[in-house]
Structure formats: structure tokens, C-alpha cells
Amino acid sequence: MAGQTVKDPIVQAALDHATKVEREAAIAPDVPADTPFPEVKQAAVIGGGVMGSGIAMALADAGIPVRMREADTDALDKALKRIAATYAVSVKRGSLAQAEMDQRVALVTGAADDAALGEADVIIEAVFESLDLKRQIFARLDAAAKPGAILASNTSALDIDAIAGATKRPEAVIGAHFFSPANVMKLLEVVRGKASSKSTIAGTVALGRRMNKVVAVCGNCDGFLANRSRGPFIAEMNILVEEGATPRQIDKVMLEFGYRMGPFATADLAGHDNSYANRKRRKRADRAYRMLPIADRMVELGRRGQKTGKGWYRYAEGDRTPLDDPEAERIIAEVRTSLGIAPRQVSDDEVLRRMLYASVNEACRIIAEGVAARAGDVDAMWLNGFGFPRGRGGLLYWADQRGGPAAVLEQIRQWHAAMGARWVPAPLLVVLAEKGLSFADAKPGLV
Ligand SMILES: NC(=O)c1ccc[n+]([C@@H]2O[C@H](COP(=O)([O-])OP(=O)(O)OC[C@H]3O[C@@H](n4cnc5c(N)ncnc54)[C@H](O)[C@@H]3O)[C@@H](O)[C@H]2O)c1
């Protein structure tokens, strides 16, 4: 927690670091603090699925009226019911008063047509993860929205510039990437497109703060800062399973490290569809892209996570406890055999270092490209988007405590020799190590 005081000076230093980087992450260096932006009196959300409902609730929680637009009246009805049902759970648990629930539910109203969106100062799109669909929607928003309105997309990875290009006002378009569940998770990743104006950036940051989010601004690239830097962690955990580790072992390692939930249990909770679709899209764009054959096989067999009652684990009806599943173990064994892999014992320390160092290396590329303005932005995103243990300060802060760039580079060079191309050291990592700098010193322009 921000401002928390603990006895252990090492943990205290990590907590202080966390508080500092969270404050800084919202600052885009070229956007002056006094940049004027439109005040949001009315918001709209397009798409009321998992994310759209959560975003509408997060807006209502901040006292902002929201118009919800869905594909048809049935879907709209479902979205509004989902929102009321989620609030009702909080009332039942005693964390929300009935009167507050009534007020918040009343703030979210359906929009029967696009004309109803004309009042909104900000419109946040959260339809399916398809560039074609999002471009169609943004062309419609361009026609319906009032001048000066912010047009934001909650895409997890798609090109913000391509979405902005569907409008005649690309300066008003920006990424507003919330994390699931959007009414709970603290991070808002604000993704600036090539054309996003300073006023659009400042307005989106201010809205995020009003929604009590930790706001972090970054540049546009496939996966943006947060998901792109986490990609190698996810790939590595899958490859470790191919080699012989188990999802249960890897989850245990990460729980012991301080995460509240292991990454395989987290993947089951989030559902596997979006990541599967993104892998297929990346493979189409790049033949060398490495698919994750076990995860792919799970999805193809209908094991799409908790919502289907099974994924990496199985789940009893109405219970979220991840249970071991011999069927999942059999699928893992079958894919290993088809890949010609004889499973080996993988140590817990190897699991931890491979997953985290893979992401540290990618974070160096992201910083070198200027997608992240500061090393601390990576930490702020990992702490608030992915549940990285706060007492460890964030991904790069942790790596600095483990010997910094020199130690990480030495290990990555060994893995590069043993495992090949995915372990090519990032040029910025090499520069940091050679100059005796720490990850905290990493910034664009060093390579
Ligand atoms: N699920 C996550 O963990 C997560 C996290 C961050 C971002 N995202 C992104 O958020 C977006 C939505 O994801 P989701 O998981 O909520 O998907 P979802 O399938 O739960 O919801 C999508 C909703 O969009 C609606 N929709 C489809 N076409 C529409 C149209 N023409 N007009 C209005 N509504 C329409 C659908 O009816 C559906 O309710 C995607 O871009 C996804 O990548 C998802």
C-alpha cells in the first residue's frame, strides 16, 4: 500500500520505490502539467462484455454518468444486468451500501443508437479484439461524437494508429487499456498514438486519476508496455512446462515469490481466448513467431479457463479453486511427446529466473524504443497490472537487487548459447552492463 511503513528496511525501500514510480508513470515528459483538457461530465462505453461492464462500473464508481452501447438490445440488457449483479455481490458482502449501489446502477444507462453518444465527453470502446471491427466502430464514433470528445480504445494489443486512421480526428484517439476486472485492478495504461494530442493525453490521464487508477503513459507497439513486457514471461512459463515443469510447480514458485495467485491460475481466471487470438495474429504476421503448442492445444480442446470449467486446472461448479486434472496432465504429456521432448526436473530457481529475466530483457527493448519513458514505468505497470509483489518493488527494481544488468546479462548470454534466438540480449541491457549502470538508469537514447 502507498505510504505503508514496515520494519524490514529492504522491504521499506521497495515500497518507497513503488510509491515513487507510481506517481511518475502518469507524467508524459512532453505534456506540460498545465495542458488544458475537456472535463468529463458524461462518458460512454461501447461493448458491455467482461471489460466494458467493468469500465462502466469504474466510471460510475467515480460518479460519472455512462451511456452503454451494445451490439443489440439483448446484449445491452445482459450487460446492464451483469453490472447490477456485480454490485449486488458487494452489497451482499457488506462492502457497499444498498443506497450506493442504487446510485451507481442509475448512473449507467443504455444507448439505443449512436446519436445517444453525442453528449459524451469521452467514449471508451471495449468490443471484441478485432482491428476490422474496431475500425468500423471508430468510423461510427467519429460521425456521432461531439467535437473535442476523447475517443479511447481498450484494446489489449492492436495498433492505436490503425484505429485512429479510421477517423478524421486521429488527434482525439488514444488507448485506454484497463486490466481485468476493470473496476478492481488499479492500472490504467494510457497508450498514446502517433497523432494523439497533448490535450487527449492529459484528459485521459486526468480521467484515470479521477477513477482512482494508477495511470501509466506509454507509446504504441504490439502489446504496448505492460502486455509486451509480460509476453516473454508467459512464453517462458509455457516452454518450462514443455521441458518438464508443471503448472502447479510454477504457480507455487510465484506464490512463494509473493504473488497472490500463480500465473497459470491467473490465465485460467482471465480466459485463454484473447491470448490465443493474439498468438495466431502474430504468427500470421511473422512466420518465425513461436507458438505455445501446449496452451494452443488446451484452447483447441475447449479448455478455455474457468469459464469452461477447465483450463490448466479443472474447477468444480461454482468454485474457483484450481484442482489438479489428470486430463490436463495427459494433454501436456502428449504434446511433449509430439515435440520429441523427454521431460526433465526443472529447479524452482530456474523457473523464477527464466520467467523474470526474459521479461527484463524485453523491458530493455521497450525502453530503448522509447515506448516506456522511464525504467520505473515498467515497475509501476507490473505492480498494478499483474500483481507483482509490492515488497519487491517491481520487475526492474527486483532485477537491480539481484545483481543488476551485469548479472542478468551473464545469465542471458549462457541461455542464449544453450537455447538460441529468443535469448538474444537486448542492446540496452549490454550497454547498461558495460557501463556499470543499473536498470534504474535505463532510459531511451542510451543505444
Ligand atoms: N478480458 C480481458 O482480460 C481484457 C483485458 C484488457 C483488455 N481487453 C480488451 O477489451 C476488449 C473487450 O474484451 P472482453 O474480454 O470484454 O470481450 P467480451 O467478448 O467479453 O465483450 C465484447 C463485447 O462487445 C460487444 N460487441 C460486439 N460488437 C459490438 C458492436 N458492433 N457494438 C457494440 N458492442 C459490440 C459484444 O456483444 C460483447 O458484449 C478487447 O479489445 C480485449 O482485447 C480484455
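Rules behind the numbers
Residues numbered from 1 in each chain as written. Predicted model: local features only at pLDDT ≥ 70, side-chain atom pairs only at ≥ 80, totals over all residues. Heavy atoms only, no water. Helix = DSSP H or I, 4+ residues; strand = E, 2+ residues; numbered from the N terminus. Rg over C-alpha atoms; globule rule 2.2 N^0.38 Å. Buried < 20%, exposed > 50% of the residue type's maximum accessible area, 1.4 Å probe, protein only. Areas by Shrake-Rupley, 256 points an atom, 1.4 Å probe, with all protein chains shown as cover. Lys, Arg positive; Asp, Glu negative; His and termini not counted. Charge placed at Lys NZ, Arg CZ, Asp CG, Glu CD. Salt bridge = Lys/Arg side-chain N within 4 Å of Asp/Glu carboxyl O. Polar contact = N/O pair within 3.5 Å; in protein donor to acceptor, adjacent residues only side chain to side chain. Pairing = 2+ DSSP bridges. Domains from an automatic or database assignment. Axes fitted to C-alpha atoms, helices over the stretch in contact; angles between N-to-C directions. Parallel < 35°, antiparallel > 145°, perpendicular 65-115°, else oblique. Left-handed = near helix turned anticlockwise from the far one by under 90°. Contact = heavy atoms within 4.5 Å. Near = heavy atom within 4 Å. Nonpolar A, V, L, I, M, F, W, Y, C, P; charged D, E, K, R; others polar.

A.B. asks: Lay out the overall build of the protein chain in plain terms, naming residues and giving numbers.
C.D. replies: Counting secondary structure elements, the protein chain contains 18 helices and 8 strands. What you see for the protein chain is a C-alpha radius of gyration of 22 Å, in line with the 22 Å of a compact globule of 447 residues. Its C-alpha atoms give the protein chain principal-axis dimensions of roughly 60 × 50 × 50 Å. Burial statistics for the protein chain: of 447 residues in total, 51% are counted as buried. For the protein chain, the accessible area works out to roughly 19,900 Å², and carbon and sulfur atoms hold 54% of it. In the protein chain, 59 positive and 55 negative side-chain charges are present, and the distance between their average locations comes to 0 Å.

A.B. asks: Break down the side chain of Glu70 for me, with residues and values.
C.D. replies: Tracing the backbone through its elements, the reader meets Glu70 in the loop between strand S2 (66-69) and helix H3 (73-93). The buried charged residue Glu70 lacks any salt bridge partner; its closest oppositely charged side chain belongs to Arg82, at an N-O distance of 6.8 Å. A distance of 2.7 Å separates the side chain of Glu70 from the backbone nitrogen of Gly48, its partner in a polar contact.

A.B. asks: Would you mind going over the pairing of strand S8 (residues 214-219) in detail, with residue names and values included?
C.D. replies: Across the 6 residues that make up S8, a large majority, 6, are buried. Residue alternation in S8 divides its side chains into two sets, Val214, Ala216 and Cys218 and Val215, Val217 and Gly219, and both sets are buried. By the bridge criterion, 6 bridges tie strand S7 (residues 187-192) to S8 in an arrangement that is parallel. Within S8, the position partnered with Leu187 by the bridge is Val214.

A.B. asks: Would you mind going over the domain arrangement of the protein chain in detail, with residue names and values included?
C.D. replies: A common way to state how big an interface is: give the accessible area lost once the parts meet. Taken domain by domain, the protein chain holds domain 1 (31-218), domain 2 (246-339) and domain 3 (348-441). Each of domain 1 and domain 2 was reduced to a C-alpha centroid, and the two centroids are 29 Å apart.

A.B. asks: Which residues make up the pattern of salt bridges, and what values do they have?
C.D. replies: Counted according to the given criterion, the structure contains 36 salt bridges. When the shortest N-O distance is used, the salt bridge between Asp114 and Arg69 registers 2.8 Å. Here the residue Asp114 occupies a position in the loop between strand S3 (108-110) and strand S4 (122-125), and Arg69 occupies one in strand S2, the gap between them amounting to 45 residues. Side by side, Asp114 and Arg69 carry an identical accessibility label, which is buried. A salt bridge links Asp142 to Arg169, with the shortest nitrogen-to-oxygen separation between them at 2.7 Å. Separated by 27 residues along the polypeptide, Asp142 in helix H5 (residues 131-144) and Arg169 in the loop between helix H6 (160-164) and strand S6 (173-178) bring together distant segments of the chain. The buried category is assigned to Asp142, whose relative accessible area is 15%. Linked by salt bridges that have partners in common, Glu236, Glu243, Arg344, Glu350, Arg354 and Arg422 make up one network.

A.B. asks: Could you give me a rundown of the packing of H3 against helix H4 (residues 98-107), with the residues and numbers involved?
C.D. replies: Taken N-terminus to C-terminus, the directions of H3 and H4 make an angle of 165 degrees; their axes are 10 Å apart at the nearest point. Here H4 runs roughly antiparallel to H3, going by the angle between their axes. You can see that H3 and H4 cross each other, and the crossing is right-handed. Of H4, the residues touching H3 (which contributes Ala84, Tyr87, Ala88 and Val91) are Gln98, Met101, Arg104 and Val105.

A.B. asks: Quick rundown of the site of the ligand? Include the residues and the values.
C.D. replies: Close to the ligand lie 23 residues; Met51, Glu70, Glu129, Lys134 and Ser156 are nearest. Val50 places a polar main-chain atom, nitrogen or oxygen, 3.0 Å from an oxygen atom of the ligand. When isolated, the ligand has an accessible area of 840 Å², and the protein chains bury 83% of it. Broken down by secondary-structure element, the contributors of at least two residues to the shell around the ligand are helix H2 (50-61), H5 and S6. With 3 residues, the top contributor of residues to the shell around the ligand is H5. For the shell around the ligand, the class distribution of residues is 10 nonpolar, 9 polar and 4 charged.

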